[in-house]
Structure formats: C-alpha cells, structure tokens
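Each chain, written out:
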Amino acid sequence: MGKLSDIGTIKEILNKYGFSFSKALGQNFLINPSVCPKMADLGGAGQGIGVIEIGSGIGVLTYELAKRADKVVSIELDTRLIPVLNDTLSEFDNVKIINGDVMKIDLKKLIEEEFPEKKVVVCANLPYYITSPVIMKLLEERLPIESITVMVQKEAADRLCAELGTRQTGAVTVSVNYYAEAEMLFKVSSGSFMPPPKVDSAVIKLSVRHEPKVNVKNEQLLFQVIKAAFSQRRKTLLNSLSNSMQFKKSEISEAISLAGVELSARAEQLKLEDFAAIADELYKLK
Ligand code: SAM
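Since this is a predicted model, take the numbers as computed values, not measurements.

Visitor: Explain the site of the ligand to me, please; I cannot follow it from the model alone.
Guide: In the vicinity of the ligand lie 24 residues, with Leu30, Gly55, Glu76, Asn125 and Tyr129 positioned nearest. The contact in question runs from an oxygen atom of the ligand to an N or O atom on the side chain of Gln27, over 2.9 Å. Separating an oxygen atom of the ligand from a side-chain N or O atom of Glu76 is a distance of 2.6 Å. Counting residues per element, the ones that place at least two in the shell around the ligand are strand S1 (29-30) and strand S3 (71-76). Classifying every residue of the shell around the ligand gives twelve nonpolar, eight polar and four charged.

Visitor: Please clarify how unusual backbone geometry should be interpreted in this entry.
Guide: With the exception of glycine, the majority of residues adopt a negative phi angle, and the majority of peptide bonds are in the trans configuration. Cis geometry marks the peptide bond from Met194 to Pro195; its omega dihedral reads -15°. Considering the arrangement of structural elements, one finds Pro195 in the loop between strand S8 (193-194) and strand S9 (201-208). Although it is not a glycine, Glu117 sits at a positive phi angle of roughly 65°. Mapped onto the elements, Glu117 comes out in the loop between helix H5 (107-114) and strand S5 (119-125).

Visitor: Would you take a moment to explain the pairing of strand S2 (residues 49-54) for this structure?
Guide: It is a general feature of regular strands that their side chains alternate between the two faces of the sheet. Within S2, six of the six residues are buried, which leaves the element mostly enclosed by the surrounding structure. Burial along S2 is two-sided: the residues Ile49, Val51 and Glu53 and Gly50, Ile52 and Ile54 are all buried. Alignment of S2 against S3, held across five bridges, turns out to be parallel. For Ile54, the partnering residue across the bridge sits in S3 and is Ile75.

Visitor: Sorry if this is basic, but what is going on with the pattern of salt bridges here?
Guide: Oppositely charged side chains may form a pair once their charged atoms are brought near each other. Enumeration over the complete set of coordinates arrives at 14 salt bridges. Note that Asp41 is salt-bridged to Arg68, the shortest N-O span being 2.7 Å. In this pair, Asp41 is assigned in helix H2 (residues 35-42) and Arg68 in helix H3 (residues 60-68), connecting sequence segments 27 residues apart. Of the residues examined, Asp41 reaches a relative accessible area of 47% and is grouped as partly exposed. Given the relative accessible area of 21%, Arg68 is considered partly exposed. Put simply, Asp41, Glu64, Lys67 and Arg68 are held in one network by salt bridges that share partners.

Basis of the calculations
Residues numbered from 1 in each chain as written. Predicted model: local features only at pLDDT ≥ 70, side-chain atom pairs only at ≥ 80, totals over all residues. Heavy atoms only, no water. Near = heavy atom within 4 Å. Polar contact = N/O pair within 3.5 Å; in protein donor to acceptor, adjacent residues only side chain to side chain. Helix = DSSP H or I, 4+ residues; strand = E, 2+ residues; numbered from the N terminus. Nonpolar A, V, L, I, M, F, W, Y, C, P; charged D, E, K, R; others polar. Buried < 20%, exposed > 50% of the residue type's maximum accessible area, 1.4 Å probe, protein only. Pairing = 2+ DSSP bridges. Salt bridge = Lys/Arg side-chain N within 4 Å of Asp/Glu carboxyl O.

Read these as spatial facts, not as claims about activity.
Shown next as structure tokens:
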C-alpha cells in the first residue's frame, strides 16, 4: 500500500473494498495530504496524549494521530469501513476502532477505561449532519478533555467562533462559549474532499474551560434563556423571551432591567454575562 494520504492510494483502497460513499452518513473523505498532519499537530496529538476521533473514514486522520499520540480511540458508525481500517492502520498497535454511533456511546466511561491518567483531546473531521449535537454532547457531559479540534462547515465555524455581541452570533455560539474558548484555525476548500461537499470547511479548536465562564444559579435556565432569545432573533429580547418562556411579560421586563440590559436589545448584542444575569433574575421568580 502506498502513502495513505495519496489520492491514488485512497482510490485504490476504495476500489479494493468496492466502497460507495453514503451521503446520509456525511461521508466526505479528506484527500488533501497537507490537512491531516496540520490538524493532528494543532489538535495537540503528541506524547502522553490520548485522542478520541469521531468518524474514522478510511483512517487518513487516524493515521496522523496515531503517529503522534500515545493512543487513539476512533469511533466509526459505518460497519463497511471496519475491514478497511484494519488494513490501512495495520502498522499501529496504539489504535482502537469502535464500531458505533458517537451519540450513543458513554464517552465518560470510554475515557476512564481507555485513557487512565492521560490527558485527552478530541480531533475529528466531523460528519456535518450532526456537528452541533456532537459538540454539545462533548461539552455538556463535562468530559475530562482538554480540547476539541474539529473540521466543520465554514458557516458553522464562523458561527461557533463569532465574537459575542456581533451579528454572526447564534445560540450555539453563546452556549459553547459557556464551556469553551473557540478559535478558528484554518480554512479548507471543498476540493480537499472526496466527494467534494457543496460548501467550504474550516478547522476550529475549542479549548475546554476547567470552570464555566460564568456562575449561574441554574444552568438549565441559562440555556433556556439563550435558546428563547435567539428563537426570534430579529425581535427585541423582551418580545422573544416573552413569546417563548413561561413567565409573564412584566416579569421578563423586570428581570431584563434588573440584569442591567436594555429592553430594546436583541439577542445578538448580548454577552454571556448578560444572559447569565437575566437567567439569575428569572430564577428568583421560580
Ligand atoms: N476522518 C475521515 C476523513 O477525514 O477522511 C472521515 C470523515 S467523514 C466527514 C465523517 C465520518 O463519520 C464518516 O466516515 C462517517 O461514516 C462517520 N460517521 C457518521 N455518523 C457517525 C456517527 N453517528 N458516529 C460515528 N461516526 C459517524
């Protein structure tokens, strides 16, 4: 077998196994040889580090991670890829492939069992149909991980890395900001994949905070406020919160004022601290 990142080798492997891409599983495999080494380096794969990868594909990124890290556990849903991976990664004894759905796997247990005493990072070219659910699962479960370095659609990357208080902000930006600091690493053109997706992509890094950015009395309420505020993003905060939350308009109005936020403000203008202050005022009314 030639070098795994060569397009010729990749095509040869796909032919050998008669593999056909599944659109539903977000199968766009990387064929640009410069991307995976860069992702593995910037993602922190190195000595003493354990890596979790989501979506192994034929193993092009797994290969670069395994070359650098102590151990890689890679989760792949598509059973057809397991024999391919056994072939492409045969030179490594520090890689474990788990055939399963990342959304159903107990990642806390996986980390305890596979990476005792190791620092753990996540590095993956994500299946785009579950970008936000995967990122939120990794963060909400409060896993003992240092960072999440992932390839996502360019538009999702812009949203996730937007500065709070600017127009590009969405509910996901604010929610992620509570748990992590987001950073845009580099852009990747659609021609770097086979088959090429319709949109460009980007690699982002979420450095997980050891403590949430703000302290709130009730986390669930904070996330409800964030979601409600962005559910009608063109409306004022007062209107969007009153339309989607179980409080009287007068109570919401008072909570916004007591939190020191303008009643006419819109969700995208607020910082995480503003959402937290509003949630805490509403919590007093519960
Ligand atoms: N890492 C490879 C690469 O960069 O070429 C493949 C990336 S491809 C964008 C996403 C991969 O995630 C596919 O191999 C797909 O089968 C897999 N996948 C899709 N849904 C998944 C899920 N729920 N759990 C685990 N893997 C999944």
